[in-house]
Amino acid sequence: MIPRLAAFFKSPIVRWILGVTLVMCALLIWRPTFCDFLELKLYDLKFRYRGTIPAGQQVAIVAIDDDSLKAVGRWPWSREDMALMLSRLKQAGPRVIALDIIFAEKEETSSYQALKNLSDNLARRGVSREILKILEVEKNRADVDRVLAKVLGEDPPTILGFFFRGLGGKSGGVDAEKLMGASFLRASTYNMVRLKDTEPSQVQLVGAAGIERNLPEITEAAAADGYFNMIPDPDGTVRWFPMAVMFGGEFFAPMSLVTLSHAAGRIPMAITLSRWGVDEVRLGPLTVPVDRYGRMLINYLGPEAIIPTYSAADVIKGTLPAEALKDKIVIVGATAVGIYDLRVTPFSGTFPGVEVQATIMDNLLRGNFIRTPPFGLIIMLLILVALAVMLGVVLPRFSAAWAFIFTLIIIEAYVGLNYLLFSRQGLHLELFYPLGLIVLIYLGVTMQRFLAEERERERIRKTFESYVAPTVVQEMLKHPEQLRLGGERREISVLFTDIRGFTTMSEHLDPEALVKLLHDFLNPMSNIIINHGGTIDKYMGDAIMALFGAPLVQTDHPRLACRAALEMVGTLKALNQTWTEQGRPPLKVGVGVNTGPVAVGNMGSDRLFDYTAVGDNVNLASRLEGLNKYYGTSILISDFTAKALENGFILRDVDLVRVKGKGQGVRIYELIGEGQPDPELASFLGLYHQALSLYRQKRFSESVDAFAQALKLRPADATSQHYITLAQKHHETPPAADWEPVTIMDEK
């Protein structure tokens, strides 16, 4: 048993799976910034794929939007304008109003300052008390803060917002009651606080360094207060909302919770804490799902303006529909871009902060939460282990294709289930860590399989490269099923090249010099063929047979073969210069290229076979190579190759020949170069083709003169000399009436 276990754990695949599982579990616990960033982005994608869901009808927004700024003036508005807007708003009959606005500084108008200065001056001069009382009354009327406070104190109740400074750290040794007063604390903190097994100073809760709140007279007039702080994630997106903040030993409630408490008749807000953090947050009978830090995941309904929104300008003008805000929970805040109260959310990069608050209220009212499962970390660890075991058992038993398909199925199944739980049940499970585990395990298993196959391929390659060309070996490794007799029909280009007069030359060289000469010729020619994607089929003494388009499929094989032929001839010219300087004989070659369907594959006996090509088109390429001697050319190509080239090469029409074994004539061309001919060559080709046309029209005498004109440009052109000889012969002895300009080649 123990040896089997030891062998099991020695398996590279098993060790890889164990290592990946341990790493992913460690990352899940540690949660480094990069991994958490990817997880958060995947979380946002779930919102986007889920799309928009309808908002409830209990919450509405009164927005200080661009239209409001045009109607009233730039922000911040005066307390008089705010008082007017709130007064009109309260006349619309909402159940409760929450202000996502803070009035932290006193506003003194010029009239108030003038009355104050007048009252102070008259008091110093001893004016009667009756006059001072009248001035005091007028001064109070000019005190816009008092005017606003008076409106705030009227029904329906108004909930003010405030914010903490330095949110996220620990609160200092502050006495909250002395700093803010008992009434403020009662109005803005949890009614019921339960500490199970810890002291307040030990609670794992969001703390604050300071507080910025409304003016005391405004605070006292309002029904209650709540903070509206938001804490974005490291990428700047607001996904969580702190449902409790600890400051000065007190546990403060957010404006959203305080507002709903008053809307429901001041039902109690309760929080339960332990040494592990926040156990529970309740609003009356409603339990709010929070993490250990007291944060709630915000279930965004969609892009901005999902929650019913009305312009503050319409409120001031009194143009709102009569029942628009009746019995609604109304939150007032800024949405104008210039006020910069905008947040980044999973749906938008410019989401109004007031709508975030309204969304939280909607979540609380309808119990429409995003929850994480209890013991979420343990559950995710178990999911990782289960996935690792399943993949480790299944993937090594599958082929590469089925392993890929199975991995895709597992990914799609997990993503689909995760999305369904999120969109239907509001349950949030991690995506990045399980998907990372699946992908890494698949890559590791695939890599191990690839390395094992590569070792086997290398063994086969080293064995066979001693017998066949490397490209053929690669094809055999790709398609081992082709290691049998037979092949396939495929259109390719076949190239033959041979040294002119090699037999005569070999008679005058000793064996060592002959071998050296062959090596110095065959080595560069072979490299040229391979560099142009050709496959060297075989060497036949001084001759080379090469295939273009087999075994590797090449759509432009005619061009590749012709470029190789041109480079071979050009390279040989340079080599001949070097060899002449060394006292060695220069070489001449003939190259034939033909394009057409052939049979390619493994040919031979059951014991010994070779990858080659056979068929009439192979034979024609060989015949073309031999015809170079007859026409005095270097490269001849067939009409089939010429048509496949289309344009881009310089060709000369040579003849229509009927080679041995062929019933019909084949037009052949001399391949001269690639690109456009220079003026001198273009002139020569024009004269030559004109002369050839005259020859084929049986105008032999005229063709002799025309070929002679062409020879003036290129005196050494053997093809023109050949046709002059034929034309003179036919002129002296005219051919039969059924004569055709076809050359019959009986020799191979």
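The next point concerns the nonpolar core. Ranked by internal contacts, the top residues of the largest apolar core, which has 69 residues, are Phe164, Tyr190, Met243, Phe252, Leu257 and Leu364. Among the elements that line this core, the one with the most residues is helix H14 (residues 353-366), at 6 residues. Counting residues in hydrophobic clusters, the runner-up holds 37 residues, among them Met525, Ile529, Phe548 and Phe649.

We describe a pair of aromatic rings using the distance from one ring centre to the other and the angle between the two ring planes. In this structure the tally under the stated criterion is 28 aromatic pairs. Judged by centre distance (5.9 Å) and plane angle (65 degrees), the rings of Phe47 and Phe347 are edge-to-face. Residue Phe47 is found in helix H3 (residues 33-50), and its partner Phe347 is found in the loop between strand E16 (342-343) and strand E17 (351-352); the two are separated by 300 residues along the sequence. Between Phe164 and Phe247 the ring centres are 5.6 Å apart and the planes differ by 55 degrees, which places this aromatic pair in the tilted class. Here Phe247 lies in strand E8 (residues 245-247) and Phe164 lies in strand E3 (residues 158-165), a separation of 83 residues in the sequence.

Reading across the sheet, the 4 strands line up as E4-E10-E11-E12 and stay open at both edges, with mixed pairing between neighbours. At either end of the open sheet lies a strand with only one pairing partner, and these are strand E4 (192-195) and strand E12 (286-288). Adjacent strand axes in the sheet meet at a mean angle of 20 degrees when their direction is disregarded. With 4 bridges connecting them, E4 and strand E10 (residues 269-274) associate as parallel partners. Paired with Leu195 across the two strands is Leu273, which belongs to E10. Contacts from helix H12 (residues 255-263) reach E10 and strand E11 (277-283) within the one sheet, and its direction differs from that of E11 by about 30 degrees.

Another aspect to go through is the side chain of Gln554. With respect to the secondary-structure elements, Gln554 resides in the loop between strand E20 (543-548) and helix H21 (557-581). Polar side-chain contacts of Gln554 include one of 2.7 Å to the backbone nitrogen of Gly549. Ignoring any residue separated from it by four or fewer positions in sequence, one finds Gln554 in contact with His532, Gly533, Phe548, Gly549 and Leu560.

With that settled, the discussion passes to the pairing of strand E6 (residues 224-227). Taking every second residue as pointing to the same face, both faces of E6 are buried, with Ala224 and Gly226 on one and Asp225 and Tyr227 on the other. Two strands pair when backbone bridges link them, and E3 and E6 are joined in this way by 4 bridges, in the parallel orientation. Counted as the bridge partner of Gly161 is Gly226 from E6.

For Ser348, the location among the structural elements is in the loop between E16 and E17. Looking at Ser348, its side chain comes within polar contact range of the side chain of Glu304, at 3.3 Å. With residues near it in sequence (within four places) discarded, Ser348 still touches Glu304 and Arg343.

Attention shifts here to the packing of helix H24 (residues 679-696) against helix H26 (residues 718-732). The axes of two packed helices give the description: the angle between them and the distance between them. Contact geometry of H24 with H26 gives a least axis separation of 11 Å together with a crossing angle of 25 degrees. Accordingly, the angle class assigned to the pair H24 and H26 is roughly parallel. Like other packed secondary-structure pairs, H24 and H26 cross with a definite hand, here left-handed. Contacts between H24 and H26 pair Phe684, Tyr688, Leu692 and Tyr695 from the former with Thr719, Ser720, Tyr723, Leu726, Ala727 and His730 from the latter. Its residues assigned to classes, the contact of H24 with H26 comprises 7 nonpolar, 3 polar and no charged.

Moving on: the pattern of salt bridges. Within this structure, the stated rule accounts for 29 salt bridges. Measuring nitrogen to oxygen at the nearest pair gives 2.4 Å for the salt bridge that ties Asp145 to Arg79. Linking Asp145 in helix H8 (residues 144-153) with Arg79 in helix H5 (residues 79-91), this pair joins segments that are 66 residues apart in sequence. Residues Asp145 and Arg79 agree in their burial class; the two are buried. With a shortest N-O distance of 2.9 Å, Asp520 and Arg584 are connected by a salt bridge. Of this pair, Asp520 sits in helix H20 (residues 511-531) while Arg584 sits in the loop between H21 and strand E21 (589-604), and the two are 64 residues apart along the sequence. For Arg584, a relative accessible area of 22% corresponds to the partly exposed category. Connected via shared salt-bridge partners are Lys41, Asp44, Asp233, Asp235 and Arg239.

The terminal C-alpha atoms of helix H15 (residues 376-394), which comprises 19 residues, lie 27 Å apart, in line with the 27 Å expected from a rise of 1.5 Å per residue. Listed in full, the buried residues belonging to H15 are Met380, Ile383, Leu384, Leu387, Ala388, Leu391 and Val394. Here the buried residues of H15 occupy an arc of 150 degrees about the axis, which is enough to place them on one side. Residues of H15 that are exposed and point more than 90 degrees away from the buried face comprise Leu382 and Val389.

With that settled, the discussion passes to helix H25 (residues 700-713). Since there are 3.6 residues in each turn of an α-helix, residues three or four apart along the chain are aligned in direction. Its 14 residues give H25 an end-to-end C-alpha distance of 20 Å, which sits within 8% of 20 Å, the value for a rise of 1.5 Å per residue. Those residues of H25 not exposed but buried are Phe700, Ser703, Val704, Ala706, Phe707, Ala710 and Leu711. Buried residues in H25 make contact with H24 and H26.

Our focus in this paragraph is the confidence of the model for the chain. Looking at the chain as a whole, the pLDDT averages 87, with 87% of positions reaching at least 70. At the low end of the mean pLDDT range in the chain sits helix H1 (residues 2-10), at 54; at the high end sits strand E2 (residues 96-99), at 97.

The next subject is the environment of Gln448. Looking at the element boundaries, Gln448 is found in helix H17 (residues 432-464). Sequence spacing of Gln448 and Pro12 is 436 residues, and the spatial spacing of their C-alpha atoms is 7.3 Å. Beyond its immediate stretch of four places on either side in the chain, Gln448 contacts Pro12 and Ile13.

This part covers the packing of H12 against H14. Look at H12 against H14: their axes get within 9 Å of each other, and the N-to-C directions meet at 50 degrees. For the element pair H12 / H14, the angle class is oblique. Along this stretch, H12 crosses H14, giving a crossing that reads as right-handed. Only Gln357, Ile360, Met361, Leu364 and Leu365 of H14 make contact with H12, whose side of the interface consists of Met255, Ser256, Leu257, Thr259 and Leu260. Across the contact of H12 with H14, the residue classes break down as 7 nonpolar, 3 polar and no charged.

Moving on to unusual backbone geometry. With an omega dihedral of 0 degrees, the bond running from Trp75 to Pro76 counts as a cis peptide bond. By the element assignment, Pro76 lies in the loop between helix H4 (66-72) and H5. In this model, Asp155 is joined to Pro156 through a cis peptide bond whose omega is -5 degrees. Relative to the assigned elements, Pro156 resides in the loop between H8 and E3. Phi is positive for Phe375, which is not a glycine, with a value near 55 degrees. Notably, Glu646 is not glycine yet its phi reads approximately 65 degrees, a positive angle. By the secondary structure assignment, Glu646 is in the loop between helix H23 (639-645) and strand E24 (649-659).

What counts and what doesn't
- Residues numbered from 1 in each chain as written.
- Predicted model: local features only at pLDDT ≥ 70, side-chain atom pairs only at ≥ 80, totals over all residues.
- Heavy atoms only, no water.
- Core = buried A, V, L, I, M, F, W, Y, C linked by side-chain atoms within 4.5 Å.
- Buried < 20%, exposed > 50% of the residue type's maximum accessible area, 1.4 Å probe, protein only.
- Helix = DSSP H or I, 4+ residues; strand = E, 2+ residues; numbered from the N terminus.
- Phe/Tyr/Trp six-rings, centres within 6.5 Å; stacked < 30°, edge-to-face > 60°.
- Pairing = 2+ DSSP bridges.
- Axes fitted to C-alpha atoms, helices over the stretch in contact; angles between N-to-C directions.
- Contact = heavy atoms within 4.5 Å.
- Polar contact = N/O pair within 3.5 Å; in protein donor to acceptor, adjacent residues only side chain to side chain.
- Parallel < 35°, antiparallel > 145°, perpendicular 65-115°, else oblique.
- Left-handed = near helix turned anticlockwise from the far one by under 90°.
- Nonpolar A, V, L, I, M, F, W, Y, C, P; charged D, E, K, R; others polar.
- Salt bridge = Lys/Arg side-chain N within 4 Å of Asp/Glu carboxyl O.
- Expected span 1.5 Å × (residues − 1).
- Arc of directions from axis to C-beta.
- pLDDT = per-residue confidence, 0-100.

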